Amino acid sequence: MSASRRSGATDELGPEGSEPEREGPAGSDLLAALLDGMDAALCAFDADGVVTHWNREAERILGWTAEEAVGRAGFAGWAVRSADAEEVEARLMSAMDAPGRQVNEFALLTKDGRRVLVRTQSAAVRGPGREPAGVYCAFSEVHAQIDLERSIALSEALLEDAGWGVVLVDADLRPAVVNAYAARALGAGRTSVLGRPLGELLSQGVEELESALTHVLAEGAPPAPAELWVAVRTPEGERRRCWRSGFVRLSSPLAEEPVPLGVGWLFQDVTEARQGEQEASLLRFRTQQLHRAARAAAECENPAEAVTVHLDFALAGFADHAVIDRVAEGGADTDRVRLVRIAETPSGAPGPCRIDGRAGLPVLYADGHPALQCVERAGTVRAGAGSLKGDAAREWAPARQWPQGTVHALCTVLRSRGRTLGAVTFLRTSHRTAFERADAMYAEDVAAHIATALDLAALLPGEG
């Protein structure tokens, strides 16, 4: 179907002396093919306001075919209400005397009588002497334009003002667009992260993130958001964060078959909330363990057995090993404190804590040993291998009379009825983190129960 149904319509808007229309791909047929192939609705008027061109998109929007539209004088009586016809025609034809394009919005009528609000862009068509020869007009439904503008506005808002991170990842799993929130979360500038592998930005959790992105590229978005724990590389060191993440596969809207452009990754930092939940859960568990230990210890006929019961319950999820040292006879009254090992967990294999008198001989702790400091200060002392490497790291635990592989220690004083009875030491290997303040508080609660049991067991010299 040609975009022009009037013989010579193309010549009317073309230069004087142009050749008449010919059959084939030249002349008006070529122009008609070009106009019909465009996505925009296009029409044209000559200097008298008569419709000379009408393409397929105009047919789609208004329902009027080219045969019905071409040759009509303006829109009056068919494509616009009679009451509005004069104003619409004046606004359209004013483009002949104005420079550049004119933009207008008004309502047109479809063939079935519906009103459609359109946005038009019109400009003058010049003759051979640059005199106005007509007007061409491109128009589209306003709601389509509004949808586009909303999409653009949403994209800009997501990239500028959103309260969550937005990262557009290309098919090579590298950031292509990053908003301000995401840049802060990644500890870098918005442009400095573009095109970099995710492994350069994250030291932990990158495998899980890349696996999720690859899945979305291949299969589409997952049914629910995922929470990913990562460690972000920053100039100040690594920061462990929890990001609640959602993913959207991006495909080209211009291709007949979906062509993946990448993945839209949206995330929020929920680290504080998750850490709070973990701490609350850990506190509940430890409180329950203390309660269970007290009930089990109450069933023990021998108070010395109650000491090991408390220690066994305390170790669950808290430490790998533990030792109990009591103050040797006369140790509290001399200048140098001496400690005797009375109980410990097996270091070679898992098993319950056992009483170990060690023949009443003091443990050979060197000066400044954490257990000695704990007793002398009547408080809690934390120690660790720190940044030691190689042989120094391997010798750190044996030099302190602790099992091989220990890297973190927490010594808590045992006191009952105003007396220092000894110290309990909790030990962790390298697969656990260092002891923190909350761990010290829990250890002090456990030590209070153990000290009471020790006092009842009369394990101190002279106590029966």
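Report on the accompanying structure. (Residues numbered from 1 in each chain as written. Predicted model: local features only at pLDDT ≥ 70, side-chain atom pairs only at ≥ 80, totals over all residues. Heavy atoms only, no water.)

A separate point is the overall build of the protein chain. From N to C terminus, the protein chain includes 14 helices and 17 strands. In the protein chain, which comprises 464 residues, the share counted as buried stands at 42%. Of the contacts formed within the protein chain by residues at least 6 apart in sequence, a portion of 53% connects residues at least 24 apart. Within the structure as shown, the protein chain displays about 24,600 Å² of accessible surface, and the carbon and sulfur contribution to it stands at 52%. (Helix = DSSP H or I, 4+ residues; strand = E, 2+ residues; numbered from the N terminus. Buried < 20%, exposed > 50% of the residue type's maximum accessible area, 1.4 Å probe, protein only. Contact = heavy atoms within 4.5 Å. Areas by Shrake-Rupley, 256 points an atom, 1.4 Å probe, with all protein chains shown as cover.)

Glancing now at the nonpolar core. Side chains of a nonpolar character, in soluble globular proteins, are inclined to be buried together. Counting residues in hydrophobic clusters, the biggest one holds 31 residues, and the most contacted among them are Ile324, Leu414, Phe426 and Ile450. If you list the elements that add at least two residues to this core, you get helix H10 (271–298), helix H11 (303–315), strand E12 (321–327), strand E13 (339–344), strand E16 (406–416), strand E17 (419–429) and helix H14 (437–457). When residues no more than four places from it in sequence are discounted, the contact partners of Leu414 are Ile324, Asp325, Arg419, Thr420, Leu421, Gly422, Ala423, Val424, Ala447, Ile450, Ala451 and Leu454. Grouped together as the second largest cluster of nonpolar side chains are 29 residues, Phe45, Leu62, Trp78 and Val80 included. (Core = buried A, V, L, I, M, F, W, Y, C linked by side-chain atoms within 4.5 Å.)

As a further point, take the pattern of salt bridges. For the coordinates displayed, the defined rule picks out 19 salt bridges. A salt bridge links Glu87 to Arg91, with the shortest nitrogen-to-oxygen separation between them at 3.2 Å. Here Arg91 and Glu87 lie together in helix H5 (residues 82–93), a separation of 4 residues that amounts to about one turn. According to the relative accessible area criterion, Glu87 is partly exposed, its value standing at 47%. One salt bridge connects Glu344 with Arg341, and the closest N-O pair in it is separated by 3.0 Å. Salt bridges sharing common partners tie together Glu227, Arg244, Arg274 and Glu277. (Salt bridge = Lys/Arg side-chain N within 4 Å of Asp/Glu carboxyl O.)

Take the pairing of strand E7 (residues 175–178) next. As defined by bridge partners, strand E6 (residues 165–169) adjoins E7 across 3 bridges and the pair is classed as antiparallel. Across the sheet, residue Val169 finds its bridge partner in E7, namely Pro175. Between E6 and E7, which pair antiparallel in sequence order, lie 5 residues; one of them, Leu173, sits at a positive phi of approximately 65°. (Pairing = 2+ DSSP bridges.)

Look at H10 against H11: their axes get within 9 Å of each other, and the N-to-C directions meet at 160°. Classified by the angle their axes make, H10 and H11 are roughly antiparallel. In this structure, H10 crosses over H11, and the sense of that crossing is right-handed. Across from Gln289, Arg292, Ala293, Ala294, Ala296 and Ala297 in H10, the residues of H11 making contact are Ala306, Val309, His310 and Phe313. Class assignment for the residues of the contact of H10 with H11 results in 7 nonpolar, 2 polar and 1 charged. (Axes fitted to C-alpha atoms, helices over the stretch in contact; angles between N-to-C directions. Parallel < 35°, antiparallel > 145°, perpendicular 65-115°, else oblique. Left-handed = near helix turned anticlockwise from the far one by under 90°. Nonpolar A, V, L, I, M, F, W, Y, C, P; charged D, E, K, R; others polar.)

So, about the side chain of Ser416. Mapped onto the elements of the fold, Ser416 is located in strand E16. In this structure Ser416 touches Leu421, Ala451 and Asp455, once residues within four positions along its chain are discounted.

Quick look at the sheet that holds strand E8 (residues 202–204) now. Strand order in this open sheet of 6 strands is E7-E6-E11-E10-E9-E8, and the pairing throughout is antiparallel. Either end of the sheet is taken by a strand with one partner, and the two such strands are E7 and E8. Recorded for the sheet is a direction-independent mean angle of 40° between the axes of neighbouring strands. Judged from the 9 bridges that link them, strand E10 (residues 237–251) and strand E11 (residues 260–269) form a sheet pairing that is antiparallel. Bridging across to E11, Trp243 finds its partner in Asp269. With respect to the sheet, helix H9 (residues 206–219) is in contact with E6, E8, strand E9 (226–234), E10 and E11, its orientation differing from that of E10 by roughly 5°. This element, H10, spans E9, E10 and E11 of the sheet and lies at about 120° to E10.

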